[in-house]
Amino acid sequence: MTELTHVVEALLFIASEPLTVAELAEVAAAPPERVERALDALAERHAEGRSGVVVERVAGGYGLRAAASTTDVCARLVARSPDRPLSQAALETLAVIAYAGPLSRPEITRVRGVSADGAVAGLVDRGLIEEAGRGGTPGAPVLYCTTTVFDRVFGLEEGLASLPSIESLAPDEARSDALRERLAVVAAERG
Amino acid sequence: MATPSVFSLELDLDLFAGPFDLLLALVLRDEVDLAEVPVAEVCVAYLERLGATSDLDLEAATEFLVLVAALVEMKSRLLIPGAEDDEPLDALEAADELAARLAEYARIRAAAAWLGDRRHDLGRRLFRVGPAPLAAPRPPDREVMSSDPAALAAAITRLLRPALAVDLSHLPRRLVPVRDFLARFRRLLDERGSFTFDDAVSGLDRMGIAVAFWALLDLYRRGEVLLAQPEAFAAIEVAAVTASFRREAVA
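Bear in mind that the values here come from a model prediction, so they are computed numbers and not experimental data.

## Quick word on the overall build of chain B
In step 1: Assigned secondary structure in chain B consists of 9 helices and 5 strands.
In step 2: Going from the N terminus to the C terminus, chain B shows its helices and strands as β-β-α-α-α-α-α-α-β-α-α-β-β-α.
In step 3: Considering chain B as a whole, with its 251 residues, one finds that 25% of them fall into the buried category.
In step 4: Restricting to contacts in chain B with at least 6 residues of sequence separation, those with at least 24 account for 54%.

## Regarding the overall build of chain A
In step 1: Looking only at helices and strands, chain A has 10 helices and 5 strands in total.
In step 2: The buried share among the 191 residues of chain A stands at 43%.
In step 3: The long-range fraction of contacts in chain A, counting pairs at least 24 apart against all pairs at least 6 apart in sequence, stands at 51%.
In step 4: Carbon together with sulfur atoms contributes 54% to the accessible area of chain A, which is approximately 9,900 Å² in total.

## With respect to the sheet that holds strand 4 (residues 129-134) of chain A
Residues and elements named next belong to chain A.
In step 1: The 3 strands are arranged 3-5-4 in an open sheet whose pairing can be described as antiparallel. The sheet is open, and its two edges are formed by strand 3 (103-104) and strand 4, each paired on a single side.
In step 2: Pairing analysis gives 4 bridges linking strand 4 to strand 5 (residues 142-146), with the strands arranged antiparallel. Directly across from isoleucine 129, in strand 5, lies its bridge partner threonine 146.

## A short note on the environment of valine 39 of chain B
Residue and element names in this part refer to chain B.
In step 1: Here valine 39 shows up in helix 2 (residues 39-51).
In step 2: Taking the C-alpha atoms as reference points, valine 39 and valine 72, separated by 33 residues in sequence, lie 7.1 Å from one another.
In step 3: For valine 39, the contacting residues outside a window of four places in its chain are Val68, Val72 and Lys75.

## A look at a nonpolar patch on the surface
Residues and elements named next belong to chain B.
In step 1: A cluster of nonpolar side chains, namely Phe213, Leu217, Tyr220 and Leu227, defines an oily patch on the protein surface of about 350 Å² accessible area.
In step 2: Counting residues per element, the nonpolar patch draws most heavily on helix 8 (residues 206-221), at 3 residues.
In step 3: As for its position among the elements, phenylalanine 213 is in helix 8.

## Description of unusual backbone geometry
In step 1: One non-glycine residue, alanine 59 of chain A, lies in the positive phi region at around 50°.
In step 2: With respect to the helices and strands, the residue alanine 59 of chain A is situated in the loop between strand 1 (53-58) and strand 2 (61-66).

## Focus: the packing of helix 5 (residues 88-100) of chain A against helix 7 (residues 117-126) of chain A
Residues and elements named next belong to chain A.
In step 1: Between helix 5 and helix 7, whose axes approach to 9 Å, the crossing angle comes to 80°. Taken together, the axes of helix 5 and helix 7 lie roughly perpendicular to each other. In this structure, helix 5 contributes Ala89, Ala90, Thr93 and Leu94 to the contact, and helix 7 contributes Ala119, Val120 and Leu123.
In step 2: The class makeup of the residues in the contact of helix 5 with helix 7 is 6 nonpolar, 1 polar and no charged.

## Brief notes about helix 7 of chain A
In step 1: For helix 7 of chain A, every residue scored as buried is listed here: Ala119, Val120, Leu123 and Arg126 of chain A. Projected down its long axis, helix 7 of chain A carries its buried residues within an arc of 130°, all on one side.

## Some details on the confidence of the model for chain B
In step 1: Looking at chain B, pLDDT values average 76 and 79% of them are 70 or higher.
In step 2: Averaged pLDDT values for the elements of chain B fall to 52 in helix 9 (residues 243-250) of chain B and rise to 90 in strand 4 (residues 225-228) of chain B.

## With respect to the confidence of the model for chain A
In step 1: Averaged over chain A, the pLDDT score is 83; the fraction of residues at 70 or greater is 84%.
In step 2: Per-element mean pLDDT across chain A ranges from 58 in helix 10 (residues 173-190) of chain A up to 94 in helix 3 (residues 32-45) of chain A.

## Section: the sheet that holds strand 3 (residues 194-196) of chain B
Residue and element names in this part refer to chain B.
In step 1: Across the sheet, 3 strands lie side by side as 3-5-4; this open sheet has antiparallel pairing. Looking at the sheet topology across the chains shown, the edges are occupied by strand 3 and strand 4. Going across the sheet, the axis of each strand differs from the next one's by a mean of 20°, ignoring polarity.
In step 2: Where strand 4 and strand 5 (residues 237-240) come together, 4 bridges link them in antiparallel fashion. When the sheet's bridge partners are listed, alanine 228 is paired in strand 5 with glutamate 237.
In step 3: Lying on the sheet, helix 6 (residues 178-192) is in contact with strand 3, strand 4 and strand 5; it crosses strand 3 at an angle near 125°.
In step 4: Its contacts with the sheet place helix 8 against strand 4 and strand 5, and it is angled at close to 120° to strand 4.

Calculation notes
The residue count restarts for each chain, going from 1 along the sequence in the order it is written. The naming scheme follows written order: chains are lettered A onward, ligands numbered 1 onward. Selection of residues for local features in this predicted model requires a pLDDT of at least 70, selection of side-chain atom pairs for listing and counting requires 80 or more, and totals for whole chains, interfaces and linings are taken over all residues. The side-chain values count all of the structure's non-hydrogen atoms but skip hydrogen atoms and water molecules. Numbering of helices and strands runs from the N terminus; a helix is a DSSP stretch of H or I covering at least four residues, while a strand is a stretch of E covering at least two. Think of it in three bands: residues with accessible area under 20% of the maximum for their type are buried, residues over 50% are exposed, and the middle band is partly exposed, with areas taken using a 1.4 Å probe on protein chains only. Contacts are residue-level and defined by heavy atoms, with any inter-residue pair within 4.5 Å sufficient. Here the accessible surface of atoms and residues is derived via Shrake-Rupley with a 1.4 Å probe, and residues count as covered only by protein chains that are part of the display. Strand pairing is defined by DSSP finding a minimum of two bridges between the two strands. Each patch groups residues whose relative accessible area exceeds 30% and which form no salt bridge, using 9 Å between like charges and 5 Å between nonpolar side chains of Val, Leu, Ile, Met, Phe, Trp and Tyr. One speaks of a salt bridge when a side-chain nitrogen belonging to Lys or Arg is within 4 Å of a carboxyl oxygen belonging to Asp or Glu. In this analysis an axis means a line fitted to C-alpha atoms, helices contributing only their contacting stretch, and an angle means the value between N-to-C directions, from 0 to 180 degrees. The labels follow the angle: roughly parallel below 35 degrees, roughly antiparallel above 145, roughly perpendicular from 65 to 115, and oblique for the rest. Polar here means any residue other than Ala, Val, Leu, Ile, Met, Phe, Trp, Tyr, Cys and Pro, which are nonpolar, and Asp, Glu, Lys and Arg, which are charged; Gly is therefore polar. Each C-beta atom gives one direction from the helix axis, and the arc is the one those directions make. Scored between 0 and 100, pLDDT is the confidence that the predictor attaches to each residue.

What follows is the structure, given as structure tokens:
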């Protein structure tokens, strides 16, 4: 363990947000390559099964979290953990904001077809989304975007860039064409 | 009192009593029919509130204009069906649009399912949350306090060295003496008996006007002039104190 490894370990310990290699290098006044080597050494030492605290690559940086084997016990200490179970409405709202954000509540409602107010408030309360300024439409509605906490709860190494592309999740073109034809038939019958 | 925000405007209409933002929310949720909302009465209510305030906050007033304009546009579309850009979609177009919306929603459902699976696969993740105990980014090259006494001595020596005198000789020196204005105002009063301050200082820069105002106050303090200003920001009228007036004042 080099001195720099100790420094990087301590920085990750006191930080409440993931730190990037660039940030670590600047604070530690060390070249980024050496910081990366220190991170490798730390990740090896603090790996699942080897330590109660694990170094994770997340949100484009590095952070410490409780090892998987300890979370049930740790959760007793944390009254309102951001990773409490999410309802279907909350998951859908989160998906809309993650893929299309920043968005206002009316815009989220438009995509989902039902009011998103309750889900948005719940997600803000958990710290999974946060306000990101105001939109330019009448009334200047508050816009929402996902947070670093969201990246960490969903284990997104490079933040939103680690989400699978929406095209890969979309129903295939054939199905959507079939749907369109069925709707056209219904429309024709109604005149 | 500042310009009222449109959102806090209390309305008392036949249709609705309460704050404007609630009305707006109800309209947007289709719980109140916009066609029945008397927009003119909303405007009157806002203007009445505006009349009760002293200064105009342009941002708040503009917010109201934008909102009301949007309401009027939406309402006019409701009241005049069949306007050119508002033709009802034909059945096929409607089916297409519905299919597109359903496809969009299906993608979101798929994304939500992915997020749900991901959480399930990863299990719970606990980490430090809360305000970062981090200092603001350090300014670059800040000198770190040294425990070496010699460094302290060097630091105090640097501080004790007298600063170089800054040479200002190349800057034009501008002096605007109060007494010049005193003389000028007295001359004006002798010639005309009265004048307005704005006329007397027209063409002067800020500094000139400030000094002129100082001179005017000085004349007033000496009891040589009477000052009158009908309302805030109106022209200041300056009149000479006549001998008879001065006697009355003394009497």
